[in-house]
Amino acid sequence: MSMLTIWTLDWVPEGPRGFVRDLRLRWACEEAGLDYEVRTVAFDDRQTNHLARQPFGQVPYLDDGPMRMFESGAALLHIARKSDRLMPQEAIGEAETLQWVIAALNSVELATLPWWFLGMAGTDDDRLTGWVASRLDHLEAVLRERQWLAANQFTAADLLMADILRIPKVRAFGARPATEAYVSRITDRPTFRKAHADQLAFYAAADECRSASR
Ligand SMILES: N[C@@H](CCC(=O)N[C@@H](CS)C(=O)NCC(=O)O)C(=O)O
């Protein structure tokens, strides 16, 4: 099996550290027990320096032998297909996992990300806040009834949903005990802790390179 290569930015400011989405892929590889390396593209001219690989000038993107992918959700599913620790191989479990991966991206992050972004810019919008509250309340009702989203086991869907929900502003928004227990349980996994620590260490080392070269 070829070594997976996860591409990310060679440096980012403090704010996004621990949240750059290469973490989703590092974490998935850790869960699946797959070998991977992390390679970088320059932060400084990121808008244009890798458009051939990621048409929006973003990261992460993934190489798997001759295969090239962008979008963290797509790359996560690609990795997940390699291991039943992330995606059950039987049809119903696989369908449930796919469904909840798309729900995480398209029903939860679709609301939380612009809400977070507008909040950072100081232009909160009450309608958006209400929409986020509604999505999180519905999810809370689901998580009150079960430990995992799909197939009665931890899957790529939990990895992704927890990664979306662990954003501090989302986590602090209202009391949703089942959701909080879910996020805590999942981010307590040694695989998450390793991927997270590795990303922080990677950018700490990048600070040193950057200050030495300036
Ligand atoms: N939908 C994309 C979003 C990727 C994304 O937001 N990447 C951020 C890092 S986590 C980025 O590259 N930001 C730099 C920029 O947009 O200039 C995915 O999930 O892969």
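The model shown is predicted, which means the values in this text are computed figures rather than measured ones.

Enquirer: How would you explain the overall build of the protein if you had to name every residue and give the values?
Expert: A tally of regular secondary structure across the protein gives eight helices and four strands. Starting at the N terminus, the α and β elements of the protein follow one another as β-α-β-β-β-α-α-α-α-α-α-α. The C-alpha atoms of the protein give 17 Å as radius of gyration, which agrees with the globular expectation for 214 residues (17 Å, within 12%). Along the first, second and third principal axes, the C-alpha set of the protein runs to 50 × 45 × 30 Å. The 214 residues of the protein split such that 30% are buried. Restricting the contact set of the protein to residue pairs at least 6 apart, pairs at least 24 apart contribute 72%.

Enquirer: Account for the nonpolar core, naming residues and giving values.
Expert: A28, L76, I79, A156, A157 and M161 are the most contacted members of the largest nonpolar core, which totals 46 residues. Taken domain by domain, the makeup of this core includes at least three residues from each of domain 1 (4–84 + 191–212) and domain 2 (91–189). The contact partners of I79, leaving out residues within four places of it in the chain, are L25, A28, C29, A32, L34 and L86.

Enquirer: Lay out helix 1 (residues 22–32) in plain terms, naming residues and giving numbers.
Expert: Within helix 1, 10 of the 11 residues are buried, which leaves the element mostly enclosed by the surrounding structure. Within the span of helix 1, buried status applies to D22, L23, R24, L25, R26, W27, A28, C29, E31 and A32. The elements touched by buried residues of helix 1 are strand 1 (4–9), strand 2 (36–41), strand 3 (61–64), helix 2 (72–80), helix 5 (156–165) and helix 8 (190–212). Backbone geometry just after helix 1 places G33 at a positive phi near 70 degrees.

Enquirer: An account of the site of the ligand is requested, with residue identities and associated values reported.
Expert: In the region of the ligand, the neighbouring residues are V20, R21, R46, G57, Q58, V59, E71, S72 and G73. Each residue belonging to the shell around the ligand can be placed in one class, and the counts come to two nonpolar, four polar and three charged.

Enquirer: How would you summarise unusual backbone geometry if you had to cite specific residues and measurements?
Expert: The omega angle of the peptide bond from V59 to P60 is 5 degrees, so this bond is cis rather than trans. Mapped onto the secondary structure, P60 falls in the loop between strand 2 and strand 3. Backbone geometry places N152, a non-glycine residue, at a positive phi of 55 degrees. Here N152 is to be found in the loop between helix 4 (126–145) and helix 5. You can call N152 exposed: it has 12 C-beta atoms within 10 Å.

Enquirer: I'd like a description of the sheet that holds strand 2, backed by residues and values.
Expert: Within the open sheet, the four strands sit side by side as 2-1-3-4. Their pairing is mixed. For this open sheet the edge positions go to strand 2 and strand 4 (67–70), each flanked by a neighbour on one side alone. Sheet twist, expressed as the average angle between the axes of neighbouring strands with direction ignored, equals 25 degrees. Pairing between strand 3 and strand 4: four bridges, direction antiparallel. Within the sheet, the bridge partner assigned to L62 lies in strand 4 and is M69. Relative to strand 1, helix 1 is tilted by about 155 degrees, and along the sheet it contacts strand 1, strand 2 and strand 3.

Enquirer: Could you give an account of the domain arrangement of the protein, naming the residues involved and the relevant values?
Expert: According to the domain assignment, the protein contains domain 1 (4–84 + 191–212) and domain 2 (91–189). Of note, the centres of domain 1 and domain 2, computed from C-alpha atoms alone, are 21 Å apart. At the junction of the two partners, domain 1 supplies 11 residues and domain 2 supplies nine residues. Breaking the side of domain 1 that touches domain 2 down by element, the ones donating at least two residues are helix 1, helix 2 and helix 8. By residue class, the composition of the side of domain 1 that touches domain 2 is six nonpolar, two polar and three charged.

Enquirer: Tell me about helix 7 (residues 177–187), residues and numbers included.
Expert: Within helix 7, the full set of buried residues consists of T179, Y182, V183 and I186. Within helix 7, the buried residues cover an arc of 95 degrees as seen down the axis, which keeps them to one side. Turned more than 90 degrees away from the buried face of helix 7, the exposed residues are P177 and S184. Elements that come into contact with the buried residues of helix 7 comprise helix 4, helix 5, helix 6 (168–171) and helix 8.

Parameters at a glance
Residues numbered from 1 in each chain as written. Predicted model: local features only at pLDDT ≥ 70, side-chain atom pairs only at ≥ 80, totals over all residues. Helix = DSSP H or I, 4+ residues; strand = E, 2+ residues; numbered from the N terminus. Rg over C-alpha atoms; globule rule 2.2 N^0.38 Å. Buried ≥ 20, exposed ≤ 12 C-beta atoms within 10 Å, placed from the backbone. Contact = placed C-beta atoms within 7 Å. Core = buried A, V, L, I, M, F, W, Y, C linked by C-beta atoms within 7 Å. Domains from an automatic or database assignment. Near = placed C-beta within 6 Å. Nonpolar A, V, L, I, M, F, W, Y, C, P; charged D, E, K, R; others polar. Pairing = 2+ DSSP bridges. Axes fitted to C-alpha atoms, helices over the stretch in contact; angles between N-to-C directions. Arc of directions from axis to C-beta.

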